[in-house]
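Each chain is listed here by its residues.
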Amino acid sequence: MNFSLFGNKFTRHAGITQLMDDLNDGLRTPGAIMLGGGNPAHIPAMDAYFQQLCQEMLSTGTLTEALCNYDGPQGKDTLLTNLSALLRQTFGWDIGPQNIALTNGSQSAFFYLFNLFAGRYEEGSSRKVLFPLAPEYIGYADSGLDEDMFVSVRPQIELLPEGQFKYHVDFDNLTIGDDIGMICVSRPTNPTGNVLTDEELVHLDELAQQHGIPLVIDNAYGVPFPGIIFSDATPLWNANTILCMSLSKLGLPGSRCGIIVGNEQVISAISNMNGIVSLSPGSIGPAIANEMIVRGDLLRLSNDVVRPFYQQRVTETIATIRRYLSPERCLIHKPEGAIFLWLWFKDLPISTETLYQRLKKRGVLMVPGHYFFPGLAEDWPHAHQCLRMNYVPEPEKIEQGIAILAQEVELALSES
Ligand code: PLP
């Protein structure tokens, strides 16, 4: 069968697809230590809450109502109203229901947004998405309808005490030409756990406004929900920014609910795209989120349950890493949020791709760093020295995985 250009592009067996297959296979391998994927933790208190909530919504009819009806293409009205009120009250943003559209997961929101602002334009020019700080989220990499739609810039690296480091936007090397159609950052960042400082974000916002292009902020892990952020960071929104949120990391990845907060022109564009691609976004996630807002539970649980859970996990995981790997062996990106640790093996004689293969043979899955540099013009040795691991599984599993990682690192060093 012959596929179209679109078909060929979107059915390509990219490196990332291979990797995702591996991660998935691992799920079926008994005893595998899964430190690779981005599935959020099953926090017992959250699972119990969702079970109870769904039972109550079933008995009041709200769940059946959501299941048995289409929403409009912008998404469930009650959630648009209640969420915009919540964001207005919490942050003082000048928004209403007309500033929010829902999508089937935030992943599809990025597909819409990238192709709305980058790619070929009517007058014959072409524009790209700029990631001002790579490493960035792997899931952005293949979502352009055109080839070569992304460009990214290496960070500055600040070395910190206790074997940690932090990336910063290298504004000296950030050029924004006419070929840039939008700027995009995840904050907190998957894969590194970096949180752009308020100053960096304000500077990016100024640059975006100067160039008349939107600044998209991927808030999948941020505040006010799910709140997986451990440093002080002020959320930013104005009519030139587009904020993307998600219910996934709250513990509801199966609900496939993404949320876009933008100006009315953007929201109307997204609603039209939703209408064409999926008629309307699914209703179950929005019905649950709406109920959580009405009950005052959405922010309460993010603050009191989700954030403390991950904060404790990350502290424990770093202590475990340090029992097995000294700062001379591996540096750790300052963990400021999200559900991952980003490890930097400066002096490892093998690439982290090779390390990944060796770990996989021993039943441990972590993700080699070079996948996380979408749009970087030149290969960068640093990209092959880093590894992403999540801190989602039980601490005993994490410790087993780290012990094997440390053995493989020592083995590689002894071979050189
Ligand atoms: N953005 C970031 C930074 C992510 O890590 C993820 C998922 O892992 C997504 C967006 C997409 O999430 P979802 O489509 O489940 O909302």
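Residues numbered from 1 in each chain as written. Predicted model: local features only at pLDDT ≥ 70, side-chain atom pairs only at ≥ 80, totals over all residues. Heavy atoms only, no water.

### Brief notes about the packing of helix α11 (residues 352-361) against helix α12 (residues 395-415)
What counts, and what does not: To define axes, lines are fitted to C-alpha atoms, for helices over the stretch in contact only, and angles between the resulting N-to-C directions are given on a 0 to 180 degree scale. Working definition: helices are DSSP H or I runs of at least four residues, strands are E runs of at least two. Numbering for both runs from the N terminus. Angular relationships are summarised with four words: roughly parallel below 35 degrees, roughly antiparallel beyond 145, roughly perpendicular across 65 to 115, and oblique for the angles in between. When the near helix sits turned anticlockwise from the far one by under a right angle, the crossing is termed left-handed; a clockwise turn instead gives a right-handed crossing. Contact criterion: two residues are considered in contact whenever any of their non-hydrogen atoms come within 4.5 Å of each other. All amino acids are sorted into three groups, where Ala, Val, Leu, Ile, Met, Phe, Trp, Tyr, Cys and Pro are nonpolar, Asp, Glu, Lys and Arg are charged, and the leftover types, Gly among them, are polar.
Running from amino to carboxyl end, α11 crosses α12 at an angle of 125°, the nearest separation of the two axes being 10 Å. Between α11 and α12, the angle falls in the class oblique. Crossing hand, α11 versus α12: right-handed. Residue-level inspection shows Leu355, Arg358 and Leu359 of α11 in contact with α12, the latter providing Ile404, Leu405, Glu408, Val409, Ala412 and Glu415. Among the residues making up the contact of α11 with α12, the classes are represented as six nonpolar, no polar and three charged.

### Comments concerning the domain arrangement of the protein chain
When the parts of a complex come together, some accessible area is lost, and that lost area is often used as the size of the interface. Quick note on the threshold: For each domain, the first and last residues come from an automatic or database assignment. Summed over both partners, buried area is the accessible surface (1.4 Å probe) that two parts give up on being assembled.
The assigned domain composition of the protein chain is domain 1 (15-43 + 301-411) and domain 2 (47-299). Computed over C-alpha atoms, the centres of domain 1 and domain 2 are 24 Å apart. Listed per partner, the contact involves 45 residues of domain 1 and 52 residues of domain 2. Of the roughly 3900 Å² buried at the junction of domain 1 and domain 2 (both faces included), carbon and sulfur atoms supply 60%.

### Focus on the sheet that holds strand β16 (residues 386-390)
Filter applied, for reference: The pairing criterion is simple: DSSP has to find at least two bridges between the two strands.
Judged by pairing direction, the sheet is mixed, and its six strands sit side by side in the order β6-β7-β12-β13-β16-β15 without closing on themselves. Every interior strand has two partners, whereas the edge strands, β6 (156-160) and β15 (367-368), have only one. Sheet strands in contact with helix α10 (residues 298-324) are β7 (164-168), β12 (331-333), β13 (340-344) and β16, and its direction is about 25° off that of β13.

### Quick notes on the nonpolar core
For clarity, the threshold we go by: What makes a nonpolar core is a set of buried Ala, Val, Leu, Ile, Met, Phe, Trp, Tyr and Cys residues whose side-chain atoms join them at distances within 4.5 Å. Relative accessibility under 20% of the residue-type maximum defines a buried residue, over 50% an exposed one, and the middle range a partly exposed one, all with a 1.4 Å probe and only protein chains included.
In terms of nonpolar packing, the biggest core is built from 111 residues, with Ile259, Tyr310, Phe345 and Leu405 touching the most fellow members. A per-element tally of this core places α10 first, with nine residues. A domain split of this core shows at least three residues from each of domain 1 (15-43 + 301-411) and domain 2 (47-299). The next biggest cluster of nonpolar side chains, apart from the first, holds 22 residues, and it includes Phe117, Phe131, Tyr140 and Phe150.

### Digging into the environment of Trp237
Heads up, the rule is: Nitrogen and oxygen atoms within 3.5 Å of one another constitute a polar contact, given that in protein one can donate a hydrogen and the other can accept it, and given that sequence-neighbouring residues count only through two side-chain atoms.
Along the polypeptide, Trp237 turns up in the loop between β9 (215-218) and β10 (241-246). A relative accessible area of 12% means that Trp237 is categorised as buried. Note: C-alpha distance between Trp237 and Arg300 (63 residues apart in sequence) is 22 Å. If near-sequence neighbours (up to four positions away) are discounted, Trp237 is found in contact with Trp93, Asp94, Ile95, Asn99, Leu243, Val261, Gly262 and Asn263. Among the polar contacts made by the side chain of Trp237, one reaches the main-chain carbonyl oxygen of Thr241 at a distance of 3.3 Å. Among the polar contacts listed, one links the side chain of Trp237 to the backbone oxygen of Val261, at a separation of 3.1 Å.

### A few points about the site of the ligand
Our working definition: Nearness of a residue to a molecule or strand requires only that one of the residue's heavy atoms be within 4 Å of it. Per-residue accessibility takes into account occlusion by the displayed protein chains alone, with areas from the Shrake-Rupley method and a 1.4 Å probe. Points on a 1 Å grid, built from protein atoms alone, make a cavity when a 1.4 Å probe fits but cannot get out and make a pocket when they are open with protein on both sides within 12 Å along at least 5 of 7 lines; residues with an atom within 4 Å of a point are the lining residues. Criterion for pocket placement: a molecule counts as inside a cavity or pocket if more than half of its atoms are within 2 Å of its grid points.
Around the ligand sit 13 residues in total, of which Ser106, Asp218, Tyr221, Ser246 and Ser248 are the nearest. Within the side chain of Ser248, an N or O atom sits 2.5 Å from an oxygen atom of the ligand. In this structure, Lys249 approaches the ligand through a side-chain N or O atom, which is 2.8 Å from an oxygen atom. In the complex, the protein chains occlude 92% of the 400 Å² of accessible area that the ligand would expose alone. Under a 2 Å grid-point criterion requiring more than half of the atoms, the pocket assigned to the ligand is the largest pocket. Here the shell around the ligand gets three residues from one element, more than from any other, and that element is helix α6 (residues 106-117).

### Examining empty space enclosed by the protein
This is how the line gets drawn: Grid points are joined across faces, edges and corners, and a volume is the space filled by probe spheres set on the points.
Scanning the entire structure with this criterion turns up two cavities of 30 Å³ or more. Here the largest cavity defines a volume of roughly 90 Å³. Lining the largest cavity, in full, are Arg187, Leu201, Ile217, Asn219, Gly222, Val223, Ile229, Ala233, Pro235, Leu236 and Leu243. Along the lines of polarity and charge, the residues of the lining of the largest cavity split into eight nonpolar, two polar and one charged. Across the lining of the second largest cavity, the residue classes break down as four nonpolar, three polar and one charged.

### Considering the pairing of strand β4 (residues 126-131)
Sheet topology places strand β3 (residues 119-120) next to β4; two bridges connect them, and they run antiparallel. When the sheet's bridge partners are listed, Gly119 is paired in β4 with Arg127. Note: β4 against strand β8 (residues 180-186), three bridges, orientation parallel. By the bridge assignment, Lys128 is partnered in β8 with Ile180. Alignment of β4 against strand β5 (residues 150-152), held across three bridges, turns out to be parallel. Paired with Phe131 across the two strands is Ser152, which belongs to β5.

### What to know about unusual backbone geometry
Most peptide bonds take the trans form, and the phi angle of most residues other than glycine is negative. For the peptide bond that leads from Ala134 to Pro135, omega is 10°, which places it in the cis range. Within the secondary structure layout, Pro135 lies in the loop between β4 and β5. With phi around 45°, Arg256 is a residue other than glycine that occupies positive phi space. By the element assignment, Arg256 lies in the loop between β10 and β11 (257-261). Within the chain, Ala338 stands out as a residue other than glycine whose phi angle is a positive 65°. Within the secondary structure layout, Ala338 lies in the loop between β12 and β13.

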